[in-house]
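Residues per chain, in single letters:
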Number of protein chains: 2
Amino acid sequence: MDEFDFIRERLAPLARGAPGARGLSDDAATLAPPAGCELVVTADALVAGVHFRQADPLDGVAAKALRVNLSDLAAKGADPIGYLLSIVWPRDCPRTDMERFVAGLADDQARYGVSLLGGDTTSGPGPLVIAITAFGSVPEGRMVTRAGARPGDAVFVTGTVGDAGLGLRALGHELTRVSAPDRVALERRYLAPEPRVDAARALRDLAHAAIDVSDGLVADAGHIAQTSGARLVIEALSIPLSAAARAWLGAEPDKAAAMSKLATSGDDYEILFCAPPEAGAEVARRSGVPVTRIGRVEAGQGVALLGPGGAPIPVARGGFTHF
Amino acid sequence: MDEFDFIRERLAPLARGAPGARGLSDDAATLAPPAGCELVVTADALVAGVHFRQADPLDGVAAKALRVNLSDLAAKGADPIGYLLSIVWPRDCPRTDMERFVAGLADDQARYGVSLLGGDTTSGPGPLVIAITAFGSVPEGRMVTRAGARPGDAVFVTGTVGDAGLGLRALGHELTRVSAPDRVALERRYLAPEPRVDAARALRDLAHAAIDVSDGLVADAGHIAQTSGARLVIEALSIPLSAAARAWLGAEPDKAAAMSKLATSGDDYEILFCAPPEAGAEVARRSGVPVTRIGRVEAGQGVALLGPGGAPIPVARGGFTHF
């Protein structure tokens, strides 16, 4: 099966939902936002050995590559439309792996209502690289940015924080004191993040600023603080934790260091947002997504993580950086 | 310099021309086509050691990565707008190389009137990977596809064909009988292709089908033949050759085999198009781009490459495939 056969037989079916993709039979796709809307575009690339483990099954890897992009759209208040996919296969990639990759995309397309619009497939001497550009739409001028947080806003986060980081450590056999069911739950958060697409509409109506938690809660709060020109104060005791993360925390001798780890580990793909204090409950009610208030926005700059009694918790590193 | 510093200091200046890019300070960009237009989107990834040589200077590599995408837009009749860039740096990439890469993009942005809209930077254990998604616009419904060629059309190509393939061989010291100035000219075609952006408007007014010549003239003609459900007949003696390619051809003992090589080597980034016989001169007049008639469209399927007297020239392989 050569490059063109693979596109025609395996990838083209993924483009059926998008007329502008022309069945992947052309060099480009056409795309227009719905009337009164503009497109929101984002790109994220995943590299084997960096963003996922070489041994991870490729259906899950494909899904993760798509989901991290859908997570960005959700945080920006955008309804997802579709995506372009550029893949660099490793030279010896078995055909069954390539088919498993496509199956993972097919499942997620049905789940999230998006279509493949086009892209590029090639192979190279290095690890698998998956570069996705995702497209969503918002009513004109309504994208939720990082820049709108203002003093008086509350800081909210969806779901629970820190699970994916623990899951990655569990996969590396670093978490010895965690029960088997907890380990499975944590690993799943790392391997199969669930982007908060259901929250997009409520966020664009109610949030002043938002970002998805990919670099880590503190680092991503820092991105909002920097772009908004404000200070985000986060109360560690308010950070929502899963039952598995609470069990792990309970067995850690140094609680402050453990909380700092949870607040700085990446890959959760929850949404951190700043909005008037009453907006959190409204986002939760309208979207069905759990929302927790974890802090406040003040005049100033940077991020403070406060422990019991308001004492600052030292943060070892601001978050994940790729250099 | 970490990932965020590099984005802020080096890449953000490339986004100044695009308000929707928000200075790369957010997770996504907003984009809307001009009134009455739709977006044309295309993605092409380049991998070190596959699409360019490991030793190639990175300003030229960056320019080539952008230009191959602009070439797709031009062939589709689209006016370029901007692009998203996902880069996977090799882990030991020197900072001077990264800065040279950015300088190459800056030069080409000015040359082609496009802006960086966003993207992703990371690093990995493999070779440099550059994945670009380019955006252009056409009046609604006016993208030039591969599908519109019809019997009675003539087949045209811009510029000259086969130079980039010879250039690649020259860079590999495989062309011993070529003069020094010819070698420089051929190498330049491979290293620094010039996308035919000036032809976009005339093509969307006059061409029935078009494609850029990236896989090779015969392979790309084959893509049009397949998608249009027609047969493309190309006369080898009509294929436009540069002075350097003519000199190379003159010294080759087997002319038919040599012509076949020129007609199947990739990376020329000229535009092959099908249009009424009188349209070629009009495209040349309106765009200032040289256009040569090289054949005709008939009922049937596939591509025929005809030599002197109409005898078919065997084509060793249809073109370049990445698997």
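Quick caveat: nothing in here was measured; it's all calculated off a predicted structure. (Residues numbered from 1 in each chain as written. Chains lettered and ligands numbered in written order. Predicted model: local features only at pLDDT ≥ 70, side-chain atom pairs only at ≥ 80, totals over all residues. Heavy atoms only, no water.)

Observations regarding the overall build of chain A
Within chain A, the secondary structure is distributed over ten helices and eleven strands. Radius of gyration (C-alpha) of chain A: 20 Å, near the 20 Å computed for a compact globule of 323 residues. For chain A, the spread of C-alpha atoms along the principal axes amounts to about 65 × 50 × 35 Å. Counting all 323 residues of chain A, 60% fall into the buried class. (Helix = DSSP H or I, 4+ residues; strand = E, 2+ residues; numbered from the N terminus. Rg over C-alpha atoms; globule rule 2.2 N^0.38 Å. Buried < 20%, exposed > 50% of the residue type's maximum accessible area, 1.4 Å probe, protein only.)

Details of the pattern of salt bridges
Per the counting criterion, the structure on display carries 48 salt bridges over all chains. Of the charged contacts, one joins B:Asp205 and B:Arg286 as a salt bridge, the two residues approaching to 2.5 Å between their closest N and O atoms. Of this pair, B:Asp205 sits in helix α6 (residues 200-206) while B:Arg286 is found in helix α10 (residues 279-287), placing the two residues 81 residues apart along the sequence. Its relative accessible area of 40% is what places B:Arg286 among the partly exposed residues. Here the salt bridges share partners, and the residues they tie into one network are A:Asp26, A:Asp27, B:Lys76 and B:Arg146. (Salt bridge = Lys/Arg side-chain N within 4 Å of Asp/Glu carboxyl O.)

Points about the relation of the copies chain B and chain A
In screw terms, the move from chain B to chain A is a rotation of 180° and a rise of 0.0 Å along the axis, fitting with an RMSD of 0.0 Å. Taken together, the rotation and translation relating the two chain copies correspond to the operation of a two-fold axis. Relative to the rotation axis, the C-alpha of B:Gly126 is the closest in chain B, positioned 2.2 Å from it. When the interface residues of chain B are mapped onto chain A, 100% of them again fall at the interface, so both copies present the same face. (Least-squares fit on C-alpha atoms with pLDDT ≥ 70 in both. Contact = heavy atoms within 4.5 Å.)

Quick word on the packing of helix α1 (residues 3-11) of chain A against helix α3 (residues 95-112) of chain A
Packed helix pairs are characterised by how far apart their axes lie and by the angle those axes make with each other. Residues and elements named next belong to chain A. Contact pair α1 / α3: the axes reach a minimum separation of 11 Å and the direction vectors enclose 40°. Classified by the angle their axes make, α1 and α3 are oblique. When you trace α1 past α3, the crossing you get is right-handed. In contact with Phe6, Arg10 and Leu11 of α1, α3 contributes Arg95, Met98, Glu99 and Val102. Taken together, the residues that form the contact of α1 with α3 break down as four nonpolar, no polar and three charged. (Axes fitted to C-alpha atoms, helices over the stretch in contact; angles between N-to-C directions. Parallel < 35°, antiparallel > 145°, perpendicular 65-115°, else oblique. Left-handed = near helix turned anticlockwise from the far one by under 90°. Nonpolar A, V, L, I, M, F, W, Y, C, P; charged D, E, K, R; others polar.)

With respect to the interface of chain B and chain A
Each partner contributes residues to the interface: chain B has 64 residues there, and chain A has 64 residues. Summed over both sides, the interface between chain B and chain A buries roughly 5,000 Å², with carbon and sulfur atoms accounting for 60% of that surface. Taken together, chain B and chain A are joined by six salt bridges. Between B:Asp26 and A:Lys76 there is a salt bridge, with its nearest N and O atoms 2.6 Å apart. For the pair chain B and chain A, the number of links is 21 residue pairs in polar contact (both at pLDDT 80 or more). Mapped by element, the contributors of at least two residues to the side of chain B that touches chain A are α1 (3-11), β1 (29-31), β2 (37-47), β3 (79-90), β4 (115-124), β5 (129-139), β7 (209-212) and α7 (217-228) of chain B. Among the elements that make up the side of chain B that touches chain A, the one with the highest residue count is β2(B) (nine residues). (Buried area = accessible area lost by both parts, 1.4 Å probe. Polar contact = N/O pair within 3.5 Å; in protein donor to acceptor, adjacent residues only side chain to side chain.)

Here's the deal with the sheet that holds β2(B)
If you walk across this open sheet you meet the five strands as β1(A)-β2(B)-β5(B)-β3(B)-β4(B), and the pairing is mixed. Edge positions in the sheet fall to β1 (29-31) of chain A together with β4 of chain B, since each of these pairs with one other strand and no more. Recorded for the sheet is a direction-independent mean angle of 20° between the axes of neighbouring strands. (Pairing = 2+ DSSP bridges.)

Concerning the packing of aromatic side chains
Residue and element names in this part refer to chain A. Tallied over the full model, the rule gives seven aromatic pairs over all chains. Taking the centre distance of 5.9 Å and the plane angle of 90° together, the rings of Phe6 and Trp89 count as edge-to-face. Of this pair, Phe6 sits in helix α1 while Trp89 is found in strand β3 (residues 79-90), placing the two residues 83 residues apart along the sequence. Judged by relative accessible area, Phe6 falls into the buried class, the value being 0%. Of the aromatic side chains, those joined through ring pairs into one cluster are Phe6, Trp89 and Phe101. Lys64 extends its terminal NZ or CZ atom over the ring of Tyr190, reaching a point 3.7 Å from the ring centre. (Phe/Tyr/Trp six-rings, centres within 6.5 Å; stacked < 30°, edge-to-face > 60°. Lys NZ or Arg CZ within 6 Å of the ring centre and 35° of its normal.)

A closer look at the packing of helix α4 (residues 163-171) of chain B against helix α5 (residues 180-191) of chain B
Residues and elements named next belong to chain B. Taken N-terminus to C-terminus, the directions of α4 and α5 make an angle of 110°; their axes are 7 Å apart at the nearest point. For the element pair α4 / α5, the angle class is roughly perpendicular. For the pair α4 and α5, the contacting residues are Asp163, Ala164, Leu166, Gly167, Leu168, Ala170 and Leu171 in the first and Arg183, Leu186, Glu187, Arg189, Tyr190 and Leu191 in the second. Looking at the contact of α4 with α5 residue by residue, the class counts come to eight nonpolar, one polar and four charged.

Some words on the side chain of B:Ser228
Relative to the helices and strands, B:Ser228 resides in helix α7. Excluding anything up to four places from it in sequence, B:Ser228 contacts B:Arg146, B:Ala147, B:Gly148, B:Ala149 and B:Ala209.

Observations concerning the environment of B:Gly77
Residues and elements named next belong to chain B. With respect to the helices, strands and loops of the structure, Gly77 is situated in the loop between α2 (58-75) and β3. In this structure Gly77 comes out as buried when scored by relative accessible area, which is 0%. It is 8.5 Å that separates the C-alpha atoms of Gly77 and Ser137, two residues lying 60 residues apart in sequence. With sequence-adjacent residues up to four places away left out, Gly77 is seen in contact with Ser137, Val138, Val144, Ala200 and Arg204.

Focus on the sheet that holds strand β2 (residues 37-47) of chain A
Taken in spatial order, the five strands make up an open sheet running β4(A)-β3(A)-β5(A)-β2(A)-β1(B), and their pairing is mixed. Bordering the open sheet on either side are β4 (115-124) of chain A together with β1 of chain B, each of which pairs with just one other strand. Direction aside, neighbouring strands of the sheet carry axes that sit 20° apart on average. Contacting β2, β3 and β5 (129-139) of chain A, helix α2 (residues 58-75) of chain A crosses the sheet at an angle of about 140° to β2(A). Sheet contacts for α3(A): β3, β4 and β5 of chain A; angle to β3(A), the most-contacted strand, approximately 175°.

Concerning the nonpolar core
A:Tyr83, A:Leu85 and B:Leu85 are the most contacted members of the largest nonpolar core, which has 98 residues in total. Among residues more than four places away in sequence, those in contact with B:Leu85 are B:Leu11, B:Phe101, B:Leu105, B:Leu116, B:Gly118, B:Gly119, B:Asp120, B:Ile130, B:Ala131 and B:Ile132. (Core = buried A, V, L, I, M, F, W, Y, C linked by side-chain atoms within 4.5 Å.)

As for α1(B)
Three or more residues of α1(B) are buried, namely B:Glu3, B:Phe6 and B:Leu11. Projected onto a plane normal to the axis of α1(B), the buried residues spread over an arc of 65° and lie on a single side. (Arc of directions from axis to C-beta.)

Remarks on the pairing of strand β8 (residues 231-235) of chain B
Residues and elements named next belong to chain B. Strand direction decides the pairing type here: β8 and strand β10 (residues 291-298), joined by four bridges, are antiparallel. The partner of Val233 across the bridge, within β10, is Arg296. Examined bridge by bridge, β8 and strand β11 (residues 302-306) share five bridges and lie parallel to one another. Among the inter-strand pairings, Leu232 is bridged to a residue of β11, identified as Val303.

Shape descriptors only; they carry no functional weight alone.
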